[in-house]
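Structural description and commentary
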Amino acid sequence: LFDWVESVTLDDLGTPKIDTKIFLSYTSTADLTPEAAQLVGHIARSVHEAAAKNESRLGDVISEDSFTQGAQRVARMAELRAAVTTQITTNEVYASLISHVLYQGIKNYLQAENVIARKVPGASTLMRMGQNAISTAAPKLEQAVDRQLTAFVNSNIQDSIRDSKTYLDKVLDDELILAVANEVWESNASSTIAELAELVPADAVDDFVAAGNVAWVHLRTTELFGDVTQKAIAALFAEYGDQPVGELLGHVGFGPAVGTSLGTDVLTPIFDKAAADGYLEERIRLRLAAFYD
């Protein structure tokens, strides 16, 4: 078999148009039945359970060199970096966070960090006493001040957000991203796989499997999926179509020795069982009966 595939090319065995049609036809009809979904969920839960008991360190599973190389590649993606900062700073959650930080910062400054409180001995204590007295005598006054302060912050939040985006675009350079990546590595490299697995509740695994199936069923019906599939297969044939199939298999480490070993390991138990059940004899007799008759 391997001698033969060394003599035939990828172009000999198909065309981009035919292979694309076959692939899209299969993916459009390959539905995950409830039983199959249950099986996938069971496997996913088993993997999660195994991970939850694994005490290996993240740094033992992922090398620091590969992590650093990935961070360096991300750092060089200026357009991606700009898109990420835009998405973050225009998000409603980010606006709420900035609003909260500004509100708390201004309020704390007015209450504890003003000039009088720092310059005059005992003034801070006196001001706290006065504030408590006012709160007792006019409980709604502080609420009114809070509302006014909140309104002021909200009316100026967009300027603050624009400033924060400009600031991020300016300081978030390659060096800073690598520094952040190093901090992330130092903080998490010693974490165990079990600790990371515990971040995902066991009962959420089935929900992720179900959501993934829904996403896949929808994705395969989109124009994007068909277009990407067509271009990927066309690119494969354009680059490797004239090369022998055996050579391509060798590029991924699947040579005669590996193929024979894998075939033997996988097929031997199947043939042993088929022989023990009488299935092999039945098939052989069916093939040869006409000749002997």
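So, a few notes on the structure that sits alongside this text. (Residues numbered from 1 in each chain as written. Predicted model: local features only at pLDDT ≥ 70, side-chain atom pairs only at ≥ 80, totals over all residues. Heavy atoms only, no water.)

1. Observations regarding the packing of helix 6 (residues 64–75) against helix 12 (residues 174–188)
Across the interface, helix 6 lies against helix 12 with an axial gap of 9 Å and an inter-helix angle of 150°. Taken together, helix 6 and helix 12 sit at an angle that is classed as roughly antiparallel. Like other packed secondary-structure pairs, helix 6 and helix 12 cross with a definite hand, here right-handed. Where helix 6 abuts helix 12, its residues Glu64, Phe67, Ala71, Gln72 and Ala75 lie against Asp174, Ile177, Leu178, Ala181, Val184 and Trp185. (Axes fitted to C-alpha atoms, helices over the stretch in contact; angles between N-to-C directions. Helix = DSSP H or I, 4+ residues; strand = E, 2+ residues; numbered from the N terminus. Parallel < 35°, antiparallel > 145°, perpendicular 65-115°, else oblique. Left-handed = near helix turned anticlockwise from the far one by under 90°. Contact = heavy atoms within 4.5 Å.)

2. Let's talk about the pattern of salt bridges
All told, the structure shown has eight salt bridges when counted by the stated rule. For Asp277, the salt bridge goes to Lys273, with nearest N and O atoms at 3.4 Å. Judged by relative accessible area, Asp277 falls into the exposed class, the value being 52%. Residue Lys273 is classed as exposed on the basis of its relative accessible area of 51%. (Salt bridge = Lys/Arg side-chain N within 4 Å of Asp/Glu carboxyl O. Buried < 20%, exposed > 50% of the residue type's maximum accessible area, 1.4 Å probe, protein only.)

3. Here we look at the nonpolar core
Residues Tyr94, Ala95, Ile98, Ile157 and Ile161 constitute the largest nonpolar core, which totals five residues. Among the secondary structure elements, those contributing two or more residues to this core are helix 8 (92–112) and helix 11 (139–171). Examining the composition of this core, we find that three residues originate from one element, helix 8, more than from any other. The residues contacting Ile157, other than those within four sequence positions of it, are Ala95, Ile98, Ser99 and Leu102. (Core = buried A, V, L, I, M, F, W, Y, C linked by side-chain atoms within 4.5 Å.)

4. Focus on the packing of aromatic side chains
All told, the structure shown has five aromatic pairs when counted by the stated rule. Grouped by ring-pair contacts, the aromatic residues Phe23, Trp216 and Phe225 constitute a single cluster. (Phe/Tyr/Trp six-rings, centres within 6.5 Å; stacked < 30°, edge-to-face > 60°.)

5. Focus: helix 18 (residues 279–292)
Here helix 18 spans 20 Å end to end across 14 residues, near enough to the 20 Å set by a 1.5 Å rise per residue. Along helix 18, the largest kink reaches about 35° and is centred on Leu286. (Expected span 1.5 Å × (residues − 1). Bend = angle between axes of the 7 residues up to and from the residue.)

6. Thoughts on helix 7 (residues 78–89)
One full turn of an α-helix is made of 3.6 residues, so residues set three or four places apart face in the same direction. With 12 residues, helix 7 should cover 16 Å at 1.5 Å per step; its first-to-last C-alpha distance of 17 Å lies within 8% of that length. Considered for burial, the residues of helix 7 that qualify are Arg81, Thr85 and Thr89. The buried side chains of helix 7 occupy one side of the element, clustering within an arc of 55° when seen end-on. When the buried face of helix 7 is taken as reference, the exposed residues oriented beyond 90 degrees from it are Glu79 and Gln87. (Arc of directions from axis to C-beta.)

7. Some points on a nonpolar patch on the surface
Together, Val74, Met77, Leu80, Val84 and Ile88 line one region of the surface with nonpolar side chains, adding up to about 400 Å² of accessible area. Turning to its location among the elements, Val74 is positioned in helix 6. A relative accessible area of 43% places Val74 in the partly exposed class. (Patch = residues over 30% accessible without salt bridge, like charges linked within 9 Å, V, L, I, M, F, W, Y side chains within 5 Å. Areas by Shrake-Rupley, 256 points an atom, 1.4 Å probe, with all protein chains shown as cover.)

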